[in-house]
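Below are the chains, spelled out letter by letter.
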Amino acid sequence: MRVFVTGGSGLIGSAVVAELLGNGHTVVGLARSDASALALETAGAEPLRGTLADLDSLRVGAAQADGVIHLAFAHDFSSADALARAVAEESAALATLGEELIDSDRPLVAVSGTPPVAGRISTEADPLLTDGPVGGRARSVTAVLALASRRVRSSAVRMPRTVHNEGEGGFAGLLTEMARRSGVSGYPGDGTQRWPAVHALDAAVLFRLALELAPAGTSWHAVADEGDPVRDIAEVIGRRLGLPVEAMPHEAFGPLGPIFATDQPSSSTYTQAALGWKPTRPSLLQDLENIQP
Ligand SMILES: NC(=O)c1ccc[n+]([C@@H]2O[C@H](COP(=O)([O-])OP(=O)(O)OC[C@H]3O[C@@H](n4cnc5c(N)ncnc54)[C@H](OP(=O)(O)O)[C@@H]3O)[C@@H](O)[C@H]2O)c1
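Residues numbered from 1 in each chain as written. Predicted model: local features only at pLDDT ≥ 70, side-chain atom pairs only at ≥ 80, totals over all residues. Heavy atoms only, no water.

### Some remarks on the overall build of the protein chain
- A count of helical and extended segments in the protein chain gives eleven helices and twelve strands.
- Relative to the 2.2 N^0.38 estimate, which gives 19 Å for 293 residues, the radius of gyration of the protein chain is 18 Å and therefore close to what a compact globule would have.
- Along the first, second and third principal axes, the C-alpha atoms of the protein chain reach 55 × 40 × 40 Å.
- Per-residue burial over the protein chain gives 51% buried out of 293 residues.
- Partitioning the intrachain contacts of the protein chain with sequence separation of at least 6 by distance along the chain shows that 78% fall at a separation of at least 24.
- Split by element, the accessible area of the protein chain, about 12,100 Å² in all, is 52% carbon and sulfur.
- Here the protein chain contributes 23 positive and 34 negative side-chain charges, whose respective centroids are spaced 2 Å apart. (Helix = DSSP H or I, 4+ residues; strand = E, 2+ residues; numbered from the N terminus. Rg over C-alpha atoms; globule rule 2.2 N^0.38 Å. Buried < 20%, exposed > 50% of the residue type's maximum accessible area, 1.4 Å probe, protein only. Contact = heavy atoms within 4.5 Å. Areas by Shrake-Rupley, 256 points an atom, 1.4 Å probe, with all protein chains shown as cover. Lys, Arg positive; Asp, Glu negative; His and termini not counted. Charge placed at Lys NZ, Arg CZ, Asp CG, Glu CD.)

### Quick look at the site of the ligand
- Surveying the vicinity of the ligand reveals 24 residues, the closest of which are Ser9, Arg32, Ser36, Arg137 and Val163.
- Taking Arg32, its side chain carries an N or O atom lying 2.8 Å from an oxygen atom of the ligand.
- Arg137 is positioned with one of its side-chain polar atoms (N or O) 2.7 Å from an oxygen atom of the ligand.
- When isolated, the ligand has an accessible area of 900 Å², and the protein chains bury 83% of it.
- A breakdown of the residues in the shell around the ligand according to their chemical character gives twelve nonpolar, eight polar and four charged. (Near = heavy atom within 4 Å. Polar contact = N/O pair within 3.5 Å; in protein donor to acceptor, adjacent residues only side chain to side chain. Nonpolar A, V, L, I, M, F, W, Y, C, P; charged D, E, K, R; others polar.)

### Considerations on the pattern of salt bridges
- Scanning all chains against the criterion turns up eleven salt bridges.
- Where salt bridges share partners, they join Glu19, Arg208 and Glu212 into one cluster. (Salt bridge = Lys/Arg side-chain N within 4 Å of Asp/Glu carboxyl O.)

### Let's talk about the sheet that holds strand β9 (residues 194-199)
- Strand order in this open sheet of three strands is β7-β9-β11, and the pairing throughout is mixed. At either end of the open sheet lies a strand with only one pairing partner, and these are β7 (162-164) and β11 (225-229). Sheet twist, expressed as the average angle between the axes of neighbouring strands with direction ignored, equals 40°.
- Two elements, β7 and β9, share three bridges in a ladder whose sense is parallel. (Pairing = 2+ DSSP bridges. Axes fitted to C-alpha atoms, helices over the stretch in contact; angles between N-to-C directions.)

### Overview of the nonpolar core
- The biggest cluster of nonpolar side chains holds 33 residues, and the ones touching the most others in it are Ile69, Met159 and Phe207.
- Looking at this core, the elements that each hand over two or more residues are β1 (2-6), α1 (11-21), β2 (26-31), α2 (34-43), β5 (107-113), β6 (153-159) and α7 (200-213).
- Leu175, Ala234, Val236 and Leu284 belong to the second largest nonpolar core, which has 25 residues in total. (Core = buried A, V, L, I, M, F, W, Y, C linked by side-chain atoms within 4.5 Å.)

### Observations concerning unusual backbone geometry
- With a phi angle near 60°, Asp105 is a residue other than glycine that sits in the positive phi range.
- Examined against the element boundaries, Asp105 turns out to sit in the loop between α4 (80-101) and β5.
- For Asp105, a relative accessible area of 42% corresponds to the partly exposed category.
- At Glu166, a position not held by glycine, the phi torsion is positive, near 55°.
- As for its placement among the helices and strands, Glu166 is situated in the loop between β7 and α6 (170-182).

This is the structure:
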C-alpha cells in the first residue's frame, strides 16, 4: 500500500515508517520542517510538506494514499491552555483525514491511549475516557471509529502510558526530563500506581497489522508490560542519573498530574490473539537502563 503517515518523524512514527517500508509498503510522511522532511527522506519515505493545522495538505496526503496512519501530536504540556490547543488542532486534522476517506473502504489507523478502569486491568472492550485534560483526543478517535458506518476501515491503536526506545519516550521520558531539571527523580502519589508500556519497535508492528488487517471500527492495545509501578520507574531513573528518588504532589507534574497519579494497568490479550501480534523487545524497566547521566 501507499501509506500517508502523520508524525512519521517522531519516536513511534519513525519506527512505524521503518516497519511499513520493511514490509513492502511505500510511505508519504507529513513533514512540518526541513529537518523532519530530511529524516523521512533518509528513512526512505517521501515527505509531504505541511502541518496538522494545514488541512489542505492533509487532504492531499489522504487522497493520494491507499491508507492513512495518524500519529502526529504537538506535545505541549506547559499549561492546560497549550494542551487544549494541541488537542483542538489534532481533532480538526483527524476529522479532515476521516472525511477524505469516506466511501472508500480504505484504512485509517489513529493513535489512541489505553483507558484507565478503576479496580481492574483495562481491555480493548473498554471505552475511552472522554473527560479530563486529553478527553478531546478520545472524542476525536471515537468519531473516527464511527466512520466505519461510512465505509472507512477505521481503527484505533491504543498506546500505553510509555512507549519507549533506547530509554527515551512517553511518560517515563517526561519523568526523566523532570528529574534532570529538578535534581530529584520524583513520582506522583505513593508510586504504587501502575503504567503499562511498550517498546516503539513492537508498537510499530501493531500499527502495520492494524493497517493491513483490522476490521472497521475496532480498537487494539499495544501493551507489552501490563503495569510497571511508577516508583520502580522513578527508581531506575534516579539510579541512572545519580539522583534521589522522592514522592511529589501530583500538581508538580502540570496538567498531566492527575493522569500520572492514576493506577491504569492494561492488557493486550485480545490483540495478541486476534491479530497475531507478539511483543519481543526489552521491557520498559530494562530499556530505562539505557539512560545516560
Ligand atoms: N510515546 C508515548 O509514550 C505515547 C503514549 C501514548 C500516546 N502517544 C501518542 O503517540 C503519538 C506519537 O507519539 P511520539 O511519542 O512518537 O511523539 P513524538 O516523538 O513527539 O513525535 C510527534 C510527531 O508529530 C509531529 N508533529 C507534532 N506536531 C505537529 C504539527 N503541528 N504538525 C505536523 N506534525 C506535527 C512531529 O513532527 P516533528 O518531527 O517535526 O517534531 C513528530 O513527527 C502521539 O499522538 C502521542 O501523543 C505516545
